[in-house]
Amino acid sequence: MTTATSKRLPSPWGRLRARARDHRSLTILAGWAIVASVLPVIVMIPPLSTFQPESLWIDGFANAGVFILLAMGLNVVVGLAGLLDLGYAAFFAIGSYAYAFGASPFTNLQIPFWPMLLVGAVVAATLGILLGAPTLRLRGDYLAIVTLGFGEIVPAVFLNASAFTKGTNGIGGIYKPELFGFQFTLENPVPYYVAMVGVLAITMVFLYRLQGSRLGRAWMAIREDELAAASSGINTITTKLLAFALGASTAGLAGVFATSKLTFVGPGQFGFQVSFTVLAMVVLGGMGNIWGVATGAFVIYTIQAVLLKELNQFFAVLHVPILQSIDFVQYQYLLYGVALVAMMLLRPEGLFPSSRRRQELHATSDDVADVPPPTEALGA
Amino acid sequence: MTAAIIDPPPGGDLILQARKVTKAFGGLIAVREVDLDIPRGAIISLIGPNGAGKTTFFNVIAGILDPTSGVVELGGRRMVARPVRAWLEPVTWVLPAVIIGALGVLAYQASPTAGGLIVLLALIGLIAMLLAAIVRPAWYRVLLERFGVFKSARPNEMVRAGIGRTFQNIRLFANMTALENVQVGMHLKMKSNAADALLSTPRARAEETASVASALHYLELVGLKGRGDQAARNLPYGDQRRLEVARALASEPALVLLDEPTAGMNPRETREMTELIGRLRRDLGLSFLLIEHDMKVVMGISDRVTVLDHGECIAEGTPDEVRRNPRVIEAYLGRPPE
Ligand SMILES: Nc1ncnc2c1ncn2[C@@H]1O[C@H](COP(=O)(O)OP(=O)(O)OP(=O)(O)O)[C@@H](O)[C@H]1O
Ligand SMILES: [Mg+2]
């Protein structure tokens, strides 16, 4: 039943899809290679090329990559394991500060960027486990509240431990990456873009592998019914911790990358807006579907970073009096809110849902299994 | 089908032994001092009117509810009982770390490096405790016993100890396919970990392929051949019940707890389920504890029957003995008018 035994020859498209299914990792890498080479071409075509010069586009795409990473990581926690985490930015902060400590004049250390990616991921995962251990026994709403608290506490710690973090001033002059003697610079965003695509592609391969594994099934089982999962032999506590740790490690990666590009880190970068934005990306993109979440993050980031700015200029040029005076960038969270509400009403499964969630959210009453008739008989 | 009467040999091969199990929900005593022995390879039924406490007793045995008093032993090992000094557990975690951490903070005044190292040590201690609890639960349990702490086994530990179960109100993983549901049941039989999955090692891939084959086998066993690709939520009610049985069997249990496995089934489905239970006992030597309202099923396949009413065990014996017991008839039909 897993291998369809149809007599007629499958179409070339069907054969391609079957191939892609059998070689998923290669398909993902190829997909990223194609996307990464097409994007720079697309932004040279008129409507987009008039918005901003190509190097700014590429720079924006590299930044978008940070949010794609964050969204893919949060998707493990929220989309797969079903744990509502409202303080995800905490792990982004931890990864960022890890890189700042490892490679800045402030600590006098200069650990290279590439191993620091791993260090950032491991440190974030460890703290994810430490923060998760006492809280993951909580369910649903309570977990959401506690993670919200962590999301506030972690930046507050970085803010107040000023002996170690320079407090509000933040840590500056952080070293930029280097690859085989080639120094990344602020002027040229292309190396960041390429490196980011590499990190994204590899992360996505890993996440797809996890999702299809014994562990991924255990996460989904917990999301569907925690008690039944435990009664099937799943250690729900450690399995949830692993989801938390893996989600956190992805955020750690994102933090290291973002900091190496910005060359500065301060506690103000990790407020609730970050957690919220990433959660909105996951929900709008389509919880549980990795490509969907990545695309959702990309679209939302691009709209926010480019199109809203463009909208201001657009209306300034048109001389529409009311619209001219509105700063659309300021209304970005309002727009998120409206988009989320509209989405929940019209397409609750997100833009690119996994087939599972689409079924779940569009069940008609016919699909629901019949309620059994009562059977109470002492027919001895 | 007449039941073979299995008298448990004294102190013999009991797979499960429940002693004076009591469970109270506030003022309501749902189960009161119930004893139950399950010999290896036996089919034992638990019957009683609605609200008698059958499901509650099940949940105690499965490690879901802690009993108010009483003990459940598996193969002579105490698995479930009222927790003792449970409050000590977080203390054993936190107290050493707090003490060492405080020392570190004090030492920081004298020498920042030494202080920092000691605080790091406290953190490492905390992580080590966590790792012990995750990676070596057995060691961790022994460690806790040193402090006189007893915790009942959690549901997943009961599965590891060889108990599989189904639920009265079906609890499948509704949005996963039937095949995936059974694969989740195999969780403990599979060994590949997160690292295997990340690297897609040959071991992980071979295990995954084998698990699909094995899951298909269980689906066929319960009569769900060809339904593997369907989402569990889309299966008809009777098939959902069967899928729950398949998922429970997939953990390769020695004892299977079935909570009303034939509820909502038509006579033919009921007969098939009854035959399946008999066949599993005969072929695989599985033991069963069955909650059942359908007396034809109970009388047909049980070796012994335990009757609960208002939480109390009012009768225990062979199906024939129980059927004739006046207290049982009274519990079901009410006291005959004087
Ligand atoms: N979690 C709970 N909290 C409070 N009371 C409960 C709880 N679970 C069960 N009870 C009560 O305990 C009693 C026994 O319930 P239980 O579900 O064990 O009965 P049962 O024998 O399985 O009945 P049925 O044949 O209807 O399934 C009932 O009065 C029920 O209301
Ligand atoms: Mg019941």
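The structure this text deals with has already been given above.
Residues numbered from 1 in each chain as written. Chains lettered and ligands numbered in written order. Predicted model: local features only at pLDDT ≥ 70, side-chain atom pairs only at ≥ 80, totals over all residues. Heavy atoms only, no water.

1. Section: the overall build of chain A
Then step 1. When helices and strands are counted, chain A shows 17 helices and six strands.
Then step 2. The burial tally for chain A puts 49% of its 380 residues in the buried class.
Then step 3. Sequence separation of at least 24 residues holds for 75% of the intrachain contacts in chain A that already meet a minimum separation of 6.
Then step 4. Put simply, chain A shows about 18,100 Å² of open surface, and 67% of that area lies on carbon and sulfur atoms. (Helix = DSSP H or I, 4+ residues; strand = E, 2+ residues; numbered from the N terminus. Buried < 20%, exposed > 50% of the residue type's maximum accessible area, 1.4 Å probe, protein only. Contact = heavy atoms within 4.5 Å. Areas by Shrake-Rupley, 256 points an atom, 1.4 Å probe, with all protein chains shown as cover.)

2. Structural notes on empty space enclosed by the protein
Then step 1. Taken as a whole and assessed by the stated rule, the structure comprises seven cavities of 30 Å³ or more.
Then step 2. One number sums up the size of the largest cavity: a volume of about 60 Å³.
Then step 3. For the largest cavity, the full set of lining residues is Ala228(A), Ser231(A), Ser232(A), Val159(B), Ile163(B), Gly164(B), Arg165(B), Phe167(B), Gly185(B), Arg247(B), Ala248(B) and Ser251(B).
Then step 4. Those elements giving two or more residues to the lining of the largest cavity turn out to be β6 (163-165) and α9 (237-250) of chain B.
Then step 5. Broken down by element, the residue count for the lining of the largest cavity peaks at three residues, all from β6(B).
Then step 6. Of the residues in the lining of the largest cavity, the class split is five nonpolar, five polar and two charged. (1 Å grid on protein atoms, 1.4 Å probe; cavity = no way out; pocket = protein on both sides within 12 Å on 5 of 7 lines; lining within 4 Å. Points joined across faces, edges and corners; volume = space filled by probe spheres on them. Nonpolar A, V, L, I, M, F, W, Y, C, P; charged D, E, K, R; others polar.)

3. Considerations on a nonpolar patch on the surface
Residue and element names in this part refer to chain B.
Then step 1. A surface patch of nonpolar side chains, about 620 Å² in accessible area, is lined by Trp 87, Val 91, Leu 95, Ile 99, Leu 103 and Leu 106.
Then step 2. Along the chain, Leu 103 turns up in helix α2 (residues 88-110).
Then step 3. The class of Leu 103 is partly exposed, set by a relative accessible area of 49%. (Patch = residues over 30% accessible without salt bridge, like charges linked within 9 Å, V, L, I, M, F, W, Y side chains within 5 Å. Salt bridge = Lys/Arg side-chain N within 4 Å of Asp/Glu carboxyl O.)

4. Focus: the interface of chain A and chain B
Then step 1. Counting from both sides, the interface comprises 48 residues of chain A and, opposite them, 58 residues of chain B.
Then step 2. Regarding the contact of chain A and chain B, the summed buried area is about 4,700 Å², with carbon and sulfur atoms giving 62% of it.
Then step 3. Put simply, chain A and chain B have two salt bridges between them.
Then step 4. Salt-bridge contacts for Asp225(A) lead to Arg171(B); the nearest nitrogen and oxygen are separated by 2.8 Å.
Then step 5. Of all the secondary-structure elements, those providing two or more residues to the side of chain A that touches chain B are α6 (113-135), α9 (190-211), α10 (214-224), α11 (226-230), α12 (236-262) and α17 (355-361) of chain A.
Then step 6. The leading source of residues in the side of chain A that touches chain B is α10(A), at seven residues.
Then step 7. Among the residues forming the side of chain A that touches chain B, the class breakdown is 25 nonpolar, 13 polar and 10 charged. (Buried area = accessible area lost by both parts, 1.4 Å probe.)

5. Things to note about the coordination of the magnesium ion (ligand 2)
Then step 1. Only Thr55(B) (OG1) and Gln168(B) (OE1) from the protein coordinate the magnesium ion (ligand 2), and they sit 1.9 to 2.1 Å from it. Placement of the pair is Thr55(B) in helix α1 (residues 54-61) and Gln168(B) in the loop between β6 and α6 (178-185), with a sequence separation of 113 residues. (Donors = N, O, S within 2.8 Å, 3.2 Å for Na, K, Ca; no water.)

6. Re helix α5 (residues 89-102) of chain A
Then step 1. An ideal rise of 1.5 Å per residue puts 20 Å on 14 residues; α5(A) measures up with 20 Å between its terminal C-alpha atoms.
Then step 2. Counting buried residues in α5(A) gives 13 out of 14 residues, a clear majority hidden from the surface. (Expected span 1.5 Å × (residues − 1).)

7. Section: the site of ligand 1
Residues and elements named next belong to chain B.
Then step 1. Residues in close proximity to ligand 1 total 13 residues, the closest being Asn 50, Lys 54, Thr 55, Thr 56 and Gln 168.
Then step 2. Gly 51 is positioned with one of its backbone polar atoms (N or O) 2.9 Å from an oxygen atom of ligand 1.
Then step 3. If you list the elements that add at least two residues to the shell around ligand 1, you get β2 (28-39) and α1.
Then step 4. When residues of the shell around ligand 1 are assigned to their parent elements, the largest contribution, three residues, is made by α1.
Then step 5. Split by residue class, the shell around ligand 1 holds four nonpolar, seven polar and two charged. (Near = heavy atom within 4 Å. Polar contact = N/O pair within 3.5 Å; in protein donor to acceptor, adjacent residues only side chain to side chain.)

8. Some points on the packing of α5(A) against α12(A)
Residue and element names in this part refer to chain A.
Then step 1. Interaxial distance between α5 and α12 falls to 6 Å at its minimum, and their mutual angle equals 45°. Classified by the interaxial angle, the pair formed by α5 and α12 is oblique. The two elements α5 and α12 cross, and the hand of that crossing is right-handed. Mapping the contact onto sequence places Phe 91, Phe 92, Gly 95, Ser 96 and Tyr 99 in α5 and Phe 244, Ala 248, Ala 251, Gly 252, Ala 254, Gly 255, Val 256, Ala 258, Thr 259 and Ser 260 in α12. (Axes fitted to C-alpha atoms, helices over the stretch in contact; angles between N-to-C directions. Parallel < 35°, antiparallel > 145°, perpendicular 65-115°, else oblique. Left-handed = near helix turned anticlockwise from the far one by under 90°.)

9. Points about the nonpolar core
Then step 1. Within the largest apolar cluster, 109 residues are counted, with the highest numbers of intra-cluster contacts made by Leu70(A), Met72(A) and Trp219(A).
Then step 2. Ranked by the residues each element gives to this core, the list is headed by helix α4 (residues 54-80) of chain A, at 17 residues.
Then step 3. In contact with Leu70(A), other than residues within four places in its own chain, are Tyr88(A), Phe92(A), Ala251(A), Ala254(A) and Val278(A).
Then step 4. Of all hydrophobic cores here, the second largest spans 32 residues; its members include Leu172(B), Leu219(B), Leu235(B) and Val245(B). (Core = buried A, V, L, I, M, F, W, Y, C linked by side-chain atoms within 4.5 Å.)

10. Section: the pairing of strand β7 (residues 255-259) of chain B
Residue and element names in this part refer to chain B.
Then step 1. A large share of β7 lies buried, amounting to five of its five residues.
Then step 2. Neither face of β7 is open: one carries Leu 255, Leu 257 and Asp 259, the other Val 256 and Leu 258, and all of them are buried.
Then step 3. Examined bridge by bridge, β6 and β7 share three bridges and lie parallel to one another. Pairing of Arg 165 across the sheet is with Leu 257, part of β7.
Then step 4. Each parallel crossover has a hand, and the one from β7 via helix α10 (residues 267-284) to strand β8 (residues 287-291) is right-handed. (Pairing = 2+ DSSP bridges. Right-handed = clockwise from strand over helix to strand, strands pointing away.)

11. Thoughts on α4(A)
Residue and element names in this part refer to chain A.
Then step 1. The terminal C-alpha atoms of α4 lie 36 Å apart, and with 27 residues this matches the ideal 39 Å at 1.5 Å per residue to within 8%.
Then step 2. Within α4, the axis deviates most sharply at Leu 74, by approximately 35°.
Then step 3. With respect to burial, α4 is a largely interior element, 22 of its 27 residues being buried.
Then step 4. One or two residues past the end of α4 sits Gly 82, with phi positive at roughly 75°. (Bend = angle between axes of the 7 residues up to and from the residue.)

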